[in-house]
Amino acid sequence: MSDVYVVGADMIKFGRFPAISVPKLGARAAHMALDDAGLTMNDIQALYSGNLVQAAAMVGQRILAEIGQTGIPVVNCANACATGATAFREGWMSIKAGVYDVVLCVGTEQMGKGLLGGGGGKKGIPTEGLLGSGTMPAVFAEAGMEHQRKYGTTLEQFAGVSVKNHHHSTMNPKAMYQIETPLETVMNAEMIAYPNTKLMCSVNVDGAAAAVICSEQKARELGLMSRAVRVRASVLTSDPYQERNLQMPDVNTCTQRAASTAYEAAGVGPDEIDLVELHDCFATAEILHYGNLGLCEPEDAGAFLDDGQTTLGGKCPVNVSGGLLSKGHPLGATGIANIYEICTHLRGEAGKRQVDGAKLGLTHVIGLGSACGIHILERPS
Amino acid sequence: MSSTASNNSEATGLLPIAPFLRISDQGEAHLEGSRCKSCGAVFLGERATCSKCTTRDQMEAIELSNRGELYVYSIVFRSFPGVEVPYVSAVVDLEGGGTVKGTLLNVDPDPEKIRMGMPVEVIYRKAPRKDAEGNEYLTYYFQPRG
Ligand SMILES: [Zn+2]
């Protein structure tokens, strides 16, 4: 089976674009990724499109209506916040299987403002507030409290994640926000769901990201190897049975399993990973994943952050893009935007936020309910 | 606040807020679970197949305990329009198996006053909301125990 390479990747600057349609957002990112690769739609053999909110609305075909109805097959993917990573992985599999040589993967989302989750079903009465909370800030607050219960993680440590990622975003012109946000500001912001304050919740933004991927033979034929990022592992898991996870979503086990499978597939260990873009949908979530991804022992996660190990310049910088907390989290675009960020570092093109000498990078997303997608990427040789 | 519905008949005529909340003809309420006869896993509500071991048609209905301990919580300050805040969203492990999520009452919404691992009990109350047809519902809550 051929290795698969990312030969073009890009994302639009995340923001709020209510006047631009979802297919138009996707079309912009698709054109940017094609330009990055120096290819056109006539080179593309299939489109893998990720979008969550309009999952039933044939977003992929509508993107082609904007950029070229070449008649290629389109697969529309929805997998909660793992939607973009799933679309990318479907494309990866099609090349691994030898069905296609060059495919395009696009993730898009238009979010609007406000709380996600909760509310209960259509029948009966709304259960929010009566049967606890189904809102995302509360669900991830509870996941963080589990970490506190087990390991004594503090409120300041959870808030510190947000300080770090907002700091990183000041170096990323494509982030929604580029504002230094000190600890007092994070902790004194409006409490949404203890221990998550407003500045510890990801930003709802509109966005799109795209990647052109191809087989090794095709990348060589096209003369694209000098900037081609090799996909060393692509893994997707769901959450296995746990005694609580039908009532309390478990984002840990599916991440641990995906990580160990990915490290094994790539033949590398977590010590060899130079940077990570992980799913910091809430500040409480990031700390859990340090241990889940093997970056440190789970009980050391708070100290790992405090010591600056996950800050740019540390042992393993995490979310140097600003993360979902500050770059923004357009659900279906996030998985591919993470891949773009890692590719940018592996190509040495990340400017002020460049992780020096980055050779291997890891992306991680979680779709609640749950899906975990992990990719390990290697710099051009 | 009214007494628990499990020792009077106030639940009669109310609809359950969730399918796993069972109300007998006498108005006695309990949370229903199921236990896999093959592997022993306990689930909230009725089911035919065990998602732990995949065995089919070996689930037995059980009455879950009204006693448990607080596993984790969050104090919710921002919710949807019409939902009174703050409130404590809680995940509770019941004695004898089964985990259920709900709202923890009769405790200050203050992390200093809430201890993970604290004993709690399940109580049953008329829900403060009606559906579009005017039907009334029975819900459950947690409160500190002992
Ligand atoms: Zn079983």
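Residues numbered from 1 in each chain as written. Chains lettered and ligands numbered in written order. Predicted model: local features only at pLDDT ≥ 70, side-chain atom pairs only at ≥ 80, totals over all residues. Heavy atoms only, no water.

(A) Expanded view of the pairing of strand β6 (residues 67-76) of chain B. Judged by how many residues are buried, β6(B) sits mostly within the fold: eight of 10 residues are covered. For strand β5 (residues 191-194) of chain A and β6(B), the ladder comprises two bridges, and the chain directions are antiparallel. Across the sheet, the residue bridging to A193(A) is V76(B), located in β6(B). Note that β6(B) and strand β9 (residues 119-130) of chain B share three bridges and pair antiparallel. (Buried < 20%, exposed > 50% of the residue type's maximum accessible area, 1.4 Å probe, protein only. Helix = DSSP H or I, 4+ residues; strand = E, 2+ residues; numbered from the N terminus. Pairing = 2+ DSSP bridges.)

(B) View of the coordination of the zinc ion. All names here are of chain B. Protein coordination at the zinc ion comes from C36 (SG), C39 (SG), C50 (SG) and C53 (SG), with a distance range of 2.2 to 2.4 Å. Bound by four donor atoms, the zinc ion shows angles of 105 to 114° at the metal and therefore tetrahedral coordination geometry. For the zinc ion, all donor residues lie on one chain, and their spacing in sequence is C-x2-C-x10-C-x2-C. Of this pair, C39 sits in the loop between β3 (29-36) and β4 (42-44) while C53 sits in the loop between β4 and β5 (59-63), and the two are 14 residues apart along the sequence. (Donors = N, O, S within 2.8 Å, 3.2 Å for Na, K, Ca; no water. Tetrahedral: all angles 85-135°; square planar, octahedral: opposite > 155°, others 65-115°.)

(C) Examining the interface of chain A and chain B more closely. The interface is formed by 36 residues belonging to chain A together with 44 residues belonging to chain B. Together chain A and chain B conceal approximately 3400 Å² of surface at their shared face, both sides included; 62% is due to carbon and sulfur atoms. Remark: the boundary between chain A and chain B carries four salt bridges. Here chain A is connected to chain B by 22 residue pairs in polar contact (both at pLDDT 80 or more). Considering each element in turn, the side of chain A that touches chain B owes the most residues, nine residues, to helix α4 (residues 136-151) of chain A. When grouped by side-chain class, the residues that make up the side of chain A that touches chain B number 16 nonpolar, 11 polar and nine charged. (Contact = heavy atoms within 4.5 Å. Buried area = accessible area lost by both parts, 1.4 Å probe. Salt bridge = Lys/Arg side-chain N within 4 Å of Asp/Glu carboxyl O. Polar contact = N/O pair within 3.5 Å; in protein donor to acceptor, adjacent residues only side chain to side chain. Nonpolar A, V, L, I, M, F, W, Y, C, P; charged D, E, K, R; others polar.)

(D) Structural detail: empty space enclosed by the protein. Residue and element names in this part refer to chain A. Summed over all chains, the structure comprises one cavity of 30 Å³ or more. Estimates place the volume of the largest cavity at around 40 Å³. In terms of lining residues, the largest cavity is bounded by S49, G50, N51, Q54, A55, M58, V59, N76 and C77. Of all the secondary structure elements, the ones that give two or more residues to the lining of the largest cavity are β2 (47-50) and β3 (74-77). Across the lining of the largest cavity, the residue classes tally to four nonpolar, five polar and no charged. (1 Å grid on protein atoms, 1.4 Å probe; cavity = no way out; pocket = protein on both sides within 12 Å on 5 of 7 lines; lining within 4 Å. Points joined across faces, edges and corners; volume = space filled by probe spheres on them.)

(E) Highlighting the layout of surface pockets. Residue and element names in this part refer to chain A. Here the largest pocket is characterised by a volume of approximately 810 Å³. Along its surface, the largest pocket is lined by 31 residues, and G114, C201, S202, V203 and N204 are the ones closest to its centre. At three residues, α4 tops the list of elements feeding residues into the lining of the largest pocket. Residue classes in the lining of the largest pocket are distributed as 20 nonpolar, seven polar and four charged.

(F) Highlighting the sheet that holds strand β7 (residues 207-215) of chain A. Residues and elements named next belong to chain A. Here we have nine strands laid out as an open sheet, ordered β3-β2-β4-β7-β1-β8-β11-β10-β9, and mixed in their pairing. With partners counted over all chains shown, the strands left at the sheet margins are β3 and β9 (275-277), one partner each. Taking each pair of neighbouring strands and ignoring which way they run, the sheet shows an average axis angle of 25°. With three bridges joining them, β9 and strand β10 (residues 360-367) adopt parallel strand pairing. Residue pairing in the sheet places L275 in a bridge with G361 of β10. Lying over the sheet, helix α12 (residues 331-346) contacts β1 (4-11), β2, β4 (102-109), β7, β8 (229-238), β9, β10 and β11 (371-378), oriented at roughly 170° with respect to β10. (Axes fitted to C-alpha atoms, helices over the stretch in contact; angles between N-to-C directions.)

(G) Up close: the packing of helix α8 (residues 252-266) of chain A against helix α9 (residues 283-292) of chain A. All names here are of chain A. Axis separation between α8 and α9 bottoms out at 9 Å; the angle between their running directions is 40°. By the criterion of interaxial angle, the relationship of α8 to α9 is oblique. Here α8 runs over α9; the crossing is right-handed. Where α8 approaches α9, its residues N252, T255, Q256 and A259 are matched on the opposing element by L288, H289 and N292. Looking at the contact of α8 with α9, its residues break down into two nonpolar, five polar and no charged. (Parallel < 35°, antiparallel > 145°, perpendicular 65-115°, else oblique. Left-handed = near helix turned anticlockwise from the far one by under 90°.)

(H) Layout of the environment of G45(B). All names here are of chain B. Counting through the fold element by element, G45 comes out in the loop between β4 and β5. Judged by its relative accessible area of 5%, G45 falls in the buried class. Each C-alpha atom of the pair G45 and I62 lies 9.0 Å from the other, and the pair is 17 residues apart in sequence. With sequence-adjacent residues up to four places away left out, G45 is seen in contact with F20, E32, G33 and S34.

(I) Representation of the pattern of salt bridges within the structure. Residues and elements named next belong to chain A. Scanning the entire structure with this criterion turns up 26 salt bridges over all chains. Salt-bridge contacts for K359 lead to E378; the nearest nitrogen and oxygen are separated by 3.5 Å. With K359 in the loop between α12 and β10 and E378 in strand β11, this residue pair connects regions lying 19 residues apart in the sequence. The class of K359 is partly exposed, set by a relative accessible area of 37%.

Functional significance is not addressed by these values, which are geometric in nature.
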